[in-house]
Amino acid sequence: METITAENLNKQDLKPFSYVNGKINVIEFLEATSSLIKVIERLGKAFAPVKYDMEGNVEKIKKYYKYDNNSCLLELMAEEHSKGKSEAAEGILWLNRALLFFELIFQQIIVSLQTNNNEVDMNKIYNMAYEGSVKKYHNWITQQLFALICKVAPNFTQILKSFEVENNLNQFEEKLTNFNSTLHSVRTKIDDFFKERNLFSDS
């Protein structure tokens, strides 16, 4: 795995999402999601269950959809829905919830970087992100697993060290801000798709 340093920071794993002319290119979506999964892996074993779940949902997209370089994720979902099917869409639903979890985490990291606050309570941030994303969809056992994950997940200093960006915080902040902005745009468009069609409203 490539180590992120001052020299290769611009080539680090985070690949921005893309929403252009009302379309989410499925290949670009998969590439951006895979880049996030690589970042999650870099953060250590604590998030392994989340990583594996995201990988499984990515595989559902690849398994159930036929697509090319010009395919739009939203159009593929609409086509699947028109056929009364939902295998891939359900995977996208859970994948999108995981994306929200990390969007909320990254947003708080960005705020900390902007305010030069190194005394960050990451456990509090992890729990806040969990409360604001997937907790309400989980049963009691899964909630207890996530509580453990939040306790053993890396602290703020460990996160910065894992990327070796302690001396490049401004550049790191800029890249993370750009990534999170594109993530939010794409994630909300997927959410809108499910709301407009009233899909998985009770899931």
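Preceding this section is the structure that the text describes.
Residues numbered from 1 in each chain as written. Predicted model: local features only at pLDDT ≥ 70, side-chain atom pairs only at ≥ 80, totals over all residues. Heavy atoms only, no water.

Student: Just checking my understanding: could you explain the packing of helix α3 (residues 73-82) against helix α8 (residues 169-196) for this structure?
Tutor: Packed helix pairs are characterised by how far apart their axes lie and by the angle those axes make with each other. Direction vectors running N to C along α3 and α8 enclose 20 degrees, while the axes themselves pass 11 Å from each other. One finds that α3 runs roughly parallel with respect to α8. Regarding α3 and α8, the two cross each other, and that crossing is right-handed. Between α3 and α8, the residues in contact are L73, L74, M77 and A78 and K189, I190, F193 and F194, respectively. The residue inventory of the contact of α3 with α8, partitioned by class, reads seven nonpolar, no polar and one charged. (Axes fitted to C-alpha atoms, helices over the stretch in contact; angles between N-to-C directions. Helix = DSSP H or I, 4+ residues; strand = E, 2+ residues; numbered from the N terminus. Parallel < 35°, antiparallel > 145°, perpendicular 65-115°, else oblique. Left-handed = near helix turned anticlockwise from the far one by under 90°. Contact = heavy atoms within 4.5 Å. Nonpolar A, V, L, I, M, F, W, Y, C, P; charged D, E, K, R; others polar.)

Student: When you look at the pattern of salt bridges in this model, what are you seeing that I'm missing?
Tutor: By the definition in use, this model includes nine salt bridges. Here E75 makes a salt bridge to K23, at a shortest N to O gap of 3.6 Å. Residue E75 is located in helix α3, and its partner K23 is located in the segment before α1 (26-42); the two are separated by 52 residues in the primary sequence. As a salt-bridge pair, E196 and R197 come within 3.7 Å of each other at their nearest N and O atoms. Look at R197 and you get partly exposed, because its relative accessible area is 33%. Each of E103, R187 and D191 takes part in one network of salt bridges that share partners. (Salt bridge = Lys/Arg side-chain N within 4 Å of Asp/Glu carboxyl O. Buried < 20%, exposed > 50% of the residue type's maximum accessible area, 1.4 Å probe, protein only.)

Student: I would appreciate a short explanation of the packing of aromatic side chains in the present structure.
Tutor: Applying the stated criterion to the full structure yields 13 aromatic pairs. Consider the rings of F106 and F179, whose centres lie 6.1 Å apart with planes at 70 degrees: the pair is edge-to-face. Here the residue F106 occupies a position in helix α4 (residues 87-114), and F179 occupies one in helix α8, the gap between them amounting to 73 residues. Across this residue pair, the class does not change: F106 and F179 are buried. Seen from their ring centres, F193 and F194 are 5.8 Å apart, and the 80 degrees between their planes marks the pair as edge-to-face. Note on accessibility: F193 and F194 belong to one class, buried. Linked through ring pairs, F17, F29, F47, F101, F102, F106, Y126, Y130, F146 and F179 together constitute an aromatic cluster. Above the plane of the ring of W94 lies R97, whose end atom (NZ or CZ) is 4.6 Å from the centre. (Phe/Tyr/Trp six-rings, centres within 6.5 Å; stacked < 30°, edge-to-face > 60°. Lys NZ or Arg CZ within 6 Å of the ring centre and 35° of its normal.)

Student: Is there a simple way to think about the environment of A48 in this case?
Tutor: With respect to the helices, strands and loops of the structure, A48 is situated in helix α2 (residues 48-64). Linking A48 and I37, residues eleven residues apart in sequence, is a C-alpha distance of 9.8 Å.

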